[in-house]
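Analysis of the macromolecular model
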Amino acid sequence: MNTLTISLLAGNLVLSFVLFLLWQRSAKQTKALTAETEALQQASNAIPADLDALLGEQGKKLITVEILNPIELATAKTVFAKPLAGMSPGAINVLVYKEARDIIAQQLPEFGVKAEVNIHNG
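Everything in this summary refers to the structure shown in the same document. (Residues numbered from 1 in each chain as written. Predicted model: local features only at pLDDT ≥ 70, side-chain atom pairs only at ≥ 80, totals over all residues. Heavy atoms only, no water.)

1. Focus on the overall build of the chain
Stated precisely, the cut-off is as follows: Segments assigned H or I by DSSP are reported as helices when at least four residues long, segments assigned E as strands when at least two residues long, and all are numbered from the N terminus. With a 1.4 Å probe rolled over the protein chains alone, any residue whose accessible area is under 20% of its type maximum counts as buried; one over 50% counts as exposed, and the rest are partly exposed. Contacts were defined at the residue level, with two residues in contact if any of their heavy atoms lie within 4.5 Å. Using the Shrake-Rupley algorithm and a 1.4 Å probe, accessible areas are obtained, with residue cover drawn only from the displayed protein chains.
Scanning the chain from N- to C-terminus turns up five helices and zero strands. Sequence-ordered secondary structure for the chain, helices as α and strands as β, is α-α-α-α-α. The proportion of buried residues among the 122 residues of the chain is 7%. Nonlocal contacts in the chain, meaning residues at least 24 apart in sequence, comprise 22% of its contacts between residues at least 6 apart. Accessible area of the chain: about 10,700 Å², with a carbon and sulfur share of 62%.

2. A closer look at the nonpolar core
Formally: In this text, buried Ala, Val, Leu, Ile, Met, Phe, Trp, Tyr and Cys residues form a nonpolar core when linked through side-chain atoms within 4.5 Å.
Among the nonpolar cores identified, the biggest contains five residues, and these are Ile67, Ala74, Ala81, Ile92 and Val96. Residue contacts for alanine 74: discarding those within four places in its chain leaves Ala81, Ile92 and Val96.

3. So, the packing of aromatic side chains
The geometry of an aromatic ring pair comes down to the distance between the two centres and the angle between the two planes. For the record, the criterion: For Phe, Tyr and Trp, where Trp contributes only its six-membered ring, two rings pair if their centres lie within 6.5 Å, and the inter-plane angle classes them as stacked under 30 degrees, edge-to-face over 60, or tilted in between.
For the structure shown, the criterion picks out one aromatic pair. Where phenylalanine 20 meets tryptophan 23, the ring centres are 5.9 Å apart and the plane angle is 35°; that geometry is what we call tilted. You can see phenylalanine 20 and its partner tryptophan 23 sitting in helix α1 (residues 2-43), three residues apart, about one turn around the helix.

4. Looking at the pattern of salt bridges
Defined as follows: By definition here, a salt bridge exists when the distance from a side-chain nitrogen of Lys or Arg to a carboxyl oxygen of Asp or Glu is within 4 Å.
For the structure shown, the criterion picks out one salt bridge. In this structure, arginine 101 and aspartate 102 form a salt bridge, with 3.3 Å as the shortest nitrogen-oxygen distance. Owing to a relative accessible area of 36%, aspartate 102 belongs among the partly exposed residues under this scheme.

5. A short note on a nonpolar patch on the surface
Inclusion rule: Patches were defined on residues exceeding 30% relative accessible area and lacking a salt bridge, with like-charge contacts within 9 Å and nonpolar side-chain contacts (Val, Leu, Ile, Met, Phe, Trp, Tyr) within 5 Å.
Side chains of Val14, Leu15, Val18, Leu19 and Leu22 sit close together on the surface and give an oily, nonpolar patch of about 450 Å² of accessible area. With respect to the helices and strands, the residue leucine 19 is situated in helix α1.

What follows is the structure, given as structure tokens:
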């Protein structure tokens with residue numbers, strides 16, 4: 001009985017030590033991931049790589065437009081948009097952005113603006 005107790009205590013001690021080492025390693029990984037997350041959050045404010053490629057030359061300017069309510073716009077325009085939005089919101093977004101591009105391309109020349117209006121996927 002005494003040998004069994006000593007064996008169980010030794011096993012418990014070894015298991016506790018292994019768990020302690022795993023806990024320390026987990027804490028280090030958590031700290032590293034937290035630092036990486038903070039760095040990524042700060043970097044997310046930078047210009048995305050695809051926009052950087054679009055700008056190319058120094059001094060070139062680019063205006064971006066993000067439509068925040070594409071589903072609302074589509075459902076206000078046509079009755080078929082609401083059922084389609086539930087099945088394929090991506091298709092609705094494509095249609096709304098194409099129409100927005102066309103509206104902008106039509107209206108800019110009225111103000112004397114010569115512009116190339118494109119849709120870029122992020």
